[in-house]
Amino acid sequence: MANWSIGELARKTGVHIETIRYFEKVGLLETSGRTEGGHRVFGDRHLRSLKFIKRARELGFSPQEVRALLDMGGPEDACCDEVRDIAVHHLEDVRRKIKDLKRLEELLASTVDRCSGSHVSDCAVIDMLEEPVR
């Protein structure tokens, strides 16, 4: 089993030291062992879990979803059927966000197209920003 310091674990995973401490504090990352001098010591299991947490967050899984995945056993023991349920829900959220972003893009593009870009006080972008949200 490897014995890495928090700095070494941070370098191996690309996760900041303070983030590792936070994940440990809130229970996302298993508590590390300690040296006689009180320094944290991390092993292979910590490395795998931290990479898993980082990747899940990169893919947009919420902290609650990541916690649920870890509670199911994380990268070592989670059952595919339970994980799939969370992933399906997350996919629905992603698709809804994409739909919202496409609508936003269309609104901005049409507004920018109507904007003359001249140095005048009449501006389609300003008009759009002053409109109430529907």
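Going by the structure above, here's the rest.
Thresholds applied
- Residues numbered from 1 in each chain as written.
- Predicted model: local features only at pLDDT ≥ 70, side-chain atom pairs only at ≥ 80, totals over all residues.
- Heavy atoms only, no water.
- Phe/Tyr/Trp six-rings, centres within 6.5 Å; stacked < 30°, edge-to-face > 60°.
- Axes fitted to C-alpha atoms, helices over the stretch in contact; angles between N-to-C directions.
- Helix = DSSP H or I, 4+ residues; strand = E, 2+ residues; numbered from the N terminus.
- Parallel < 35°, antiparallel > 145°, perpendicular 65-115°, else oblique.
- Left-handed = near helix turned anticlockwise from the far one by under 90°.
- Contact = heavy atoms within 4.5 Å.
- Nonpolar A, V, L, I, M, F, W, Y, C, P; charged D, E, K, R; others polar.
- Buried < 20%, exposed > 50% of the residue type's maximum accessible area, 1.4 Å probe, protein only.
- Arc of directions from axis to C-beta.

Visitor: Go over the packing of aromatic side chains with me, naming the residues and quoting the values.
Guide: Two aromatic rings, taken as a pair, are described by how far apart their centres are and by the angle between their planes. Inspection of every chain in the model, using the stated rule, returns one aromatic pair. Seen from their ring centres, Y22 and F23 are 6.2 Å apart, and the 50 degrees between their planes marks the pair as tilted.

Visitor: Pulling in residues and values, what's your account of the packing of helix α3 (residues 44-58) against helix α4 (residues 63-71)?
Guide: One way to put it is that α3 packs onto α4 with a least axis distance of 10 Å and a crossing angle of 140 degrees. For the element pair α3 / α4, the angle class is oblique. Viewed along their axes, α3 and α4 form a crossing whose handedness is right-handed. Residues F52, I53, A56 and R57 of α3 form the contact with α4, whose own contacting residues are P63, V66, L69 and L70. Residue composition of the contact of α3 with α4, by class: seven nonpolar, no polar and one charged.

Visitor: Just give me the short version of the side chain of E24, but keep the residues and values in it.
Guide: Note on placement: E24 falls in helix α2 (residues 17-25). Beyond its immediate stretch of four places on either side in the chain, E24 contacts L29, E30, T31, S32, R40 and F42.

Visitor: I'd like to hear about α4, residue by residue, with values.
Guide: Turning to α4, its buried residues are E65, V66, L69 and L70. All buried residues of α4 project into a common sector of 140 degrees when viewed along the axis, lining one side. Exposed and facing more than 90 degrees away from the buried side of α4 are Q64 and D71. Here the buried face of α4 lies against α3, α5 (74-77) and α6 (80-114). Residue G73 follows α4 closely and has a positive phi angle near 125 degrees.

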